Amino acid sequence: MRTIVQRCFLSLAIAASAAAAMKFRAQEIQRDWGVVYAVTIADVNKDGKPDVVAINPTQVAWYENPSWEKHVILEGVSKKDNVCIAANDIDGDGALDFALGADWQPTNTASGGSLQWIRGAGKAAGAMMPIGEEPTLHRIRWGDIDGDGKAELVVAPLHGRGTKGPEWQGQGARILVFRVPNNPAHDKWTMEVADDSLHIVHNLIVTDFDKDKQQEIVTASREGIHVLKRAADGQWAKTRIGDGQPGEIKMGRIGPKRVLATVEPWHGNSIVMYEERSGLWARQVVEEKLSSAHALGWGDFDGDGADELAAGWRDKKGGVAIYKRAADGRSASITSVDDGGMATEDLAVADLNGDGRPEIVAVGRATKNVKIYWNESDARQWTRHVIVEGFANMTAVAADFTGSGKVDVITNDYAGKHTILYAAPDWKPVVLHTGAQAIHSAVMDVNGDGRMDFIGAQYSPGWIYWLEQPKRGLKDPWTYRLIDETKSGGVNGVHGLMLGDVDKDGKPDLIGNSAQPKGAFPNSLAWFKVPPNPRKASRWERIVFADRDAPGLSHYLGFGDVNGDGRPDLASAAKVPDGGNWFAWWEAPANPKQTGWAKHVIAENQDGATNIQMADVNRDGNVDFIATRGHGKGVVWYEAPNWTPHEINPNLTGPHSLAIGDIDGDGDIDIATVAKDDFVAAWFENDGKGNFKTHVIYNDQAAYDVRLVDMDRDGDLDLLVAGQESKNVVWYENRVKR
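Per chain, residues are indexed from 1 in the order of the written sequence. Given that this is a predicted model, residues contribute local features only at a pLDDT of at least 70 and side-chain atom pairs are listed and counted only at 80 or more, while totals for whole chains, interfaces and linings are drawn from all residues. Here the side-chain values reflect all heavy atoms present in the structure, with hydrogen atoms and water set aside.

Moving on: the pairing of strand 50 (residues 644-653). Relative to strand 50, strand 49 (residues 633-639) runs antiparallel, the two sharing six bridges. Across the sheet, Y638 pairs through a bridge with P645, a residue of strand 50. For two strands to be treated as a pair, DSSP must find no fewer than two bridges joining them. For the purposes of this entry, the term helix denotes a DSSP run of H or I that reaches at least four residues, the term strand denotes a run of E that reaches at least two, and both are numbered from the N terminus. In this antiparallel pair of consecutive strands, strand 49 and strand 50, the connection spans four residues, and W643 shows a positive phi of 60°.

In structure tokens, the structure reads:
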């Protein structure tokens, strides 16, 4: 017997630092039932709860959630052995039916292999009607193969007709597609052959592989992994995307990429993952010591936004385990779920009790049982709340924009050029303005009326504007007013905005950049003073403090008194090699309105430098710098007074956003970012001395902009994310201290 314990391979700090511990409680709902060949999850009785459906050689049964009472649908009618089952409303009466593969004879390639469907409910529940036959029929799946909006039944035999073991050479297995007729109980089901060139086709999946709203067949066979696609003229194309000799196959997602998991060879000892890329997908062996591995299933078991793989094996008493692979592919861990109590023939993954955590349901061969493994994993430290999905956005800010006492959000649909308010708590959208592609934004009570207004910036042509909040933020129009623009001789390449009292008059000023190498103020940084009457002013006063002194496409800004002279200094970062890849700060003179502030370089040769903020990181009384290389890799802080670099996490790719604050309530400065390329949201816990621990908040999340703000007004800092490539605006509720 192989005992699995928690273990870790080569691991990046970002990979496994804060994953919730996965815990499962086993409940056996069926024992002594013979070989349990297959299991699926479906709401059989239409009560809104997922039920468990399983088959043994002679029975089809379902187990009713939550009592798990057994109901036999079919017994002794189909030819031994039942081997596969797939649920669908076949006759269109609103009740769930089942396609069933039976007469399982794995070495008989001349006959056997019956295909039929059975009614799952109603007066004729359990009635069985024939569909067709195919020797060694082994797996069936439903899917819309031709894009007509109706599901077809895909059938895969294990072997080709007339072949013999142990090599099974000769005719390939026929991958068949059956169409449901108008009267499926009486009319003939038409069939076509999708492919007949592959051997030992142990399993397949049906999915919209190329995202064209038409589903494809992905097969696992001795020849590798192939995608079968049907053209409009009925011709089939076969594309190889993976090598090896896989048996089982399931698809999940880790970060931004799809990942295929396989058992290799069929009934073999290895678990292999294939990561999405053009051409052949990247292959990685994550396990080599199982005994007759036979079942796979993906699910986000620990709630971090990335799928983990559940795998089961059936020999040497069998078992079930979960494999967690980081998005970088360089780390993995294994958690035992069942060691010896499940000789796994098949498994399924679904949230059975509606708590947001998926369970595992496994069925056994030698153990002759059905078990539910209840997911009782530790609660996540961050709870994800989706505000809106469906469009790319570069920035989002939060405040009470409606006078409701709740925190609302304003973002910008970048492609649609809409600035949109989402009102809490149901996130009702209100379009405030159309025409700008806002890359960054800020919140300020510009006119001093006690209501928070919105400030947005378009990159190029450069354009800064503010929208005045009316008395009734949801009903009355927000008045558009201009701050500065390129076409009138203003800034160009406005990537970052920041608020700060630059001239120390007790009122916040606006800081921005003019990053483009063309225009009236190329390669420059500026601050803007709010006019005495901002409603009537055509422009705000512009002070260019770094005149042509910030080349390399500067990004975001920092504000604070670096040298302790009582005057606020400013900082920025630039991302490109031509004049950039630096972090720097500009020393404020006695008169902040003068141009040509003294520039001090903090660090050079910082590939993709984007963000910089100021804080006393190690509580020594000096102001340090916290920075990210958002178009490169890594999070770093620079210790005053000599700007000694300390890498916080050098491996995150694309940490384009940066927010700082006391996240865990222990009195020191912590850090949050989202890596737009790795699709990882993370925070970095400061021990008060400048040593940081990485914690993953969520995977499969991109961002251009993040803010730490108390979204639920419970006294701690939550994380608001403008989801750019993940096309969402979300906030993560801080539960770190609970």
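Stacked, tilted and edge-to-face pairs are distinguished by plane angle, under 30 degrees for stacked and over 60 for edge-to-face with tilted covering the rest, among Phe, Tyr and Trp rings (Trp via its six-membered ring) whose centres lie within 6.5 Å. Considering all chains together, one arrives at 16 aromatic pairs under this definition. Centre to centre, the rings of W463 and Y465 are 5.7 Å apart; their planes meet at 45°, and the pair counts as tilted. Comparing W463 with Y465, the two get one shared label, buried. Note on criteria: charge over ring means Lys NZ or Arg CZ within 6 Å of the ring centre, with the direction from the centre no more than 35 degrees off the ring normal. Just above the ring of F209 sits the side chain of R258; from NZ or CZ to the centre is 4.6 Å. Here the guanidinium or amino end of K599 rests over the ring plane of W582, the centre of that ring lying 4.6 Å away. Using a 1.4 Å probe on the protein chains alone, a residue whose accessible area is under 20% of its type maximum counts as buried, one over 50% counts as exposed, and one in between counts as partly exposed.

If you trace the backbone, G390 turns up in the loop between strand 30 (382-389) and strand 31 (396-399). Distance from G390 to N611, taken between C-alpha atoms, is 27 Å for residues 221 residues apart in sequence.

Checked against the element boundaries, N523 lands in the loop between strand 40 (509-514) and strand 41 (524-529). The buried category is assigned to N523, whose relative accessible area is 18%. Contact between two residues is taken to exist if any of their heavy atoms lie within 4.5 Å; hydrogens are not considered. Residue contacts for N523: discarding those within four places in its chain leaves S514, A515, Q516, P517, A546, R548, D549, A550, P551 and G552.

So, on to the environment of A310. Relative to the helices and strands, A310 is located in strand 24 (residues 308-313). Distance in space between the C-alpha atoms of A310 and N605 is 44 Å, their sequence separation being 295 residues. Apart from the residues lying within four places of it in its own chain, the contact partners of A310 are A295, L296, G297, F301, A321, I322, L347 and I360.

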